[in-house]
Amino acid sequence: DSNELSEVLNYVNSQQGKMGAKGKYFGKAEGKNVVLVSLESTQNFVIDRKLNGQEITPFLNDLKEDSFYFSNFYHNTGQGKTSDSEFIIDNSMYGLSRGAVFTTNANNEFNATPEILKSEGYTPVSFHGNHASFWNRDVMYQSLGYEHYFSKKEYNVTEENSVNYGLKDIPFFEQSMPMLKGLDKPYYAKFITMTNHYPYIVNNENMEMIDPANTGDGSVDRYFQTVRYMDESIKKFFQMMKEQGEYEDTIFVLYGDHYGISENHNRAMSEILGKEIRPFEHVQLQKVPLIIHVPGMEGKEMETVGGQIDLKPTILNLLGVEQKNDVQFGTDLLNKNRESETILRDGSVVTDKYVYAAEQNICYDKETGEEIDSKSCAPLKEEAETELGFSDKVVYGDLLRFMDSEKEEIKRKIKDNGNGS
Ligand code: GP9
Ligand code: MN
């Protein structure tokens, strides 16, 4: 009920309150278009790495030099995979411990970024070359406030230009361009790539821009080729954005949606990384790239520990949009007062000092990777349980439907206090 919502609001407001004033980047990208690019299954270990002497992500490696590049950024997803990443990013709330919010709670009341930006005059849309109903997106997108979903039926998808789940990333971006050009500005446009998806199928020479790895684990070996292909597609996308005159007025947020290589491939991965994969390394492998490009702003590596949960407040702050009494579990990644920390969906926690691996209940020193006394991580474990619990309560109880009456109540209290009563 609405009492439960007040409890959650008290919690999130006290978390946000610790940060103090708006950061110095508030409003720095006011009125700009926002382009989100979901990098399918892309883990951060590919960034700046070479395989057989060749870069795996040459374009992203370059792009990050004149962007904010977050080198300690994690996905917070669970079983809902891509859909969880979308949910987390647009709402700054966690996915569920089981199943996918997109399928189980699509008719809830939300206060998502697309809806907020629509009331600021933005056109919020999503582009993705799969069937509209996959992950129940066609239904959920309406609840999140997307104005249009450019899905498979709006693309020309042939056997020739497809692989795995469907339309390959290069034709996907090529065909999306005229649709993007047709939108009213400013837009909030999400592009969900798809080619770099398990089992990483390579069906054509033009996907062999680098040689595969040779661990003998086929999907790990091909992963580098499909990541390389995706990187090329993003390079082409940026070229087209420049040619079409969209680039200068747009901020780009590129992020990995979730891990690509599961624990079942630890043997091959330890060969690639040249070390044993303990729970510490497993948690570190949940790092995904985050590159935020704001035209005209200088590049900077940001070491703050964060996750997808932080993107909503980060984007809204850059755009200069006030967010009072919103249920957000994340904080603005560009605010230097934020706590350097993120909570993974399995209850693991990463801070600038510690890595807590929940499943095995082991505490590590983040810097050295050494196992340390579990007491150091005990408060983190508790915090994760509290926060994930609050988020679950909001989703299961559909608590945001009480937001309007809660806001009235808050206004009334302020007014009463003002009257000295
Ligand atoms: C499907 C694509 C992949 O449309 O987003 O979904 P995933 O399996 O990664 O959740
Ligand atoms: Mn995915």
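Figured I'd write up the structure that's included with this text. Only a predicted model underlies this, so the values are computations on that prediction, with no experimental measurement involved. (Residues numbered from 1 in each chain as written. Chains lettered and ligands numbered in written order. Predicted model: local features only at pLDDT ≥ 70, side-chain atom pairs only at ≥ 80, totals over all residues. Heavy atoms only, no water.)

Before going further, it helps to spend a moment on the side chain of threonine 304. For threonine 304, the location among the structural elements is in the loop between β13 (300-302) and β14 (306-307). There is a polar contact of 2.6 Å between the side chain of threonine 304 and the side chain of arginine 338. Excluding its chain neighbours within four sequence positions, the residues that come into contact with threonine 304 are Phe70, Asn72, Leu333, Arg338 and Ser340. (Helix = DSSP H or I, 4+ residues; strand = E, 2+ residues; numbered from the N terminus. Polar contact = N/O pair within 3.5 Å; in protein donor to acceptor, adjacent residues only side chain to side chain. Contact = heavy atoms within 4.5 Å.)

Counting 69 residues, the largest nonpolar core has Phe70, Leu290, Ile292, Leu311, Leu319, Val327 and Phe329 as the members making the most contacts within it. For this core, the element with the highest residue contribution is helix α12 (residues 378-396), accounting for six residues. (Core = buried A, V, L, I, M, F, W, Y, C linked by side-chain atoms within 4.5 Å. Buried < 20%, exposed > 50% of the residue type's maximum accessible area, 1.4 Å probe, protein only.)

With an omega of -5°, the peptide bond between lysine 185 and proline 186 qualifies as cis. Structurally, the position occupied by proline 186 is in the loop between α7 (169-181) and β10 (187-192). Along the chain, tyrosine 198 connects to proline 199 via a cis peptide bond; the corresponding omega equals 0°. When you line up the elements, proline 199 lands in the loop between β10 and α8 (218-243). A positive phi angle, close to 60°, is found at asparagine 136, a residue other than glycine. Along the polypeptide, asparagine 136 turns up in the loop between β6 (123-127) and α6 (137-144).

Around ligand 1, the structure places Glu40, Lys81, Thr82, His128, Asn130, Phe134, Trp135, Arg137, Tyr165, His197 and His258. Note that an oxygen atom of ligand 1 is positioned 2.6 Å from one of the side-chain N or O atoms of histidine 128. Histidine 197 is positioned such that a nitrogen or oxygen atom in its side chain is 2.7 Å from an oxygen atom of ligand 1. Calculation on ligand 1 without its partners gives an accessible area of 310 Å², and the protein chains cover 95% of this total. Taken together, the residues that form the shell around ligand 1 break down as three nonpolar, five polar and three charged. (Near = heavy atom within 4 Å. Areas by Shrake-Rupley, 256 points an atom, 1.4 Å probe, with all protein chains shown as cover. Nonpolar A, V, L, I, M, F, W, Y, C, P; charged D, E, K, R; others polar.)

All right, on to the coordination of the manganese ion (ligand 2) then. At this site the manganese ion (ligand 2) is bound by Glu40 (OE), Glu40 (OE), Thr82 (OG1), Asp257 (OD) and His258 (NE2), with donor distances of 2.1 to 2.4 Å. Coordination geometry of the manganese ion (ligand 2): the six donor atoms subtend angles of 55 to 167° at the metal centre, consistent with an arrangement described as irregular. The motif formed by the donor residues of the manganese ion (ligand 2), counted along the single chain, is E-x41-T-x174-D-H. Taking the relative accessible area as the measure of exposure, aspartate 257 reaches 0% and is therefore buried. Residue histidine 258 is classed as buried on the basis of its relative accessible area, which comes to 2%. (Donors = N, O, S within 2.8 Å, 3.2 Å for Na, K, Ca; no water. Tetrahedral: all angles 85-135°; square planar, octahedral: opposite > 155°, others 65-115°.)

So, on to the sheet that holds strand β19 (residues 371-372). Strands sit in the order β15-β16-β17-β18-β19 across an open sheet of five strands; the sheet is antiparallel. Both edges of this open sheet fall to β15 (341-343) and β19, since each of them pairs with a single strand only. Sheet topology note: the strand β17 (residues 354-357)/strand β18 (residues 362-365) ladder contains four bridges and is antiparallel. By the bridge assignment for β18, valine 355 is matched with tyrosine 364. Against the sheet, α12 contacts β15, β16 (349-351) and β17, and its axis sits at roughly 60° relative to β15. (Pairing = 2+ DSSP bridges. Axes fitted to C-alpha atoms, helices over the stretch in contact; angles between N-to-C directions.)

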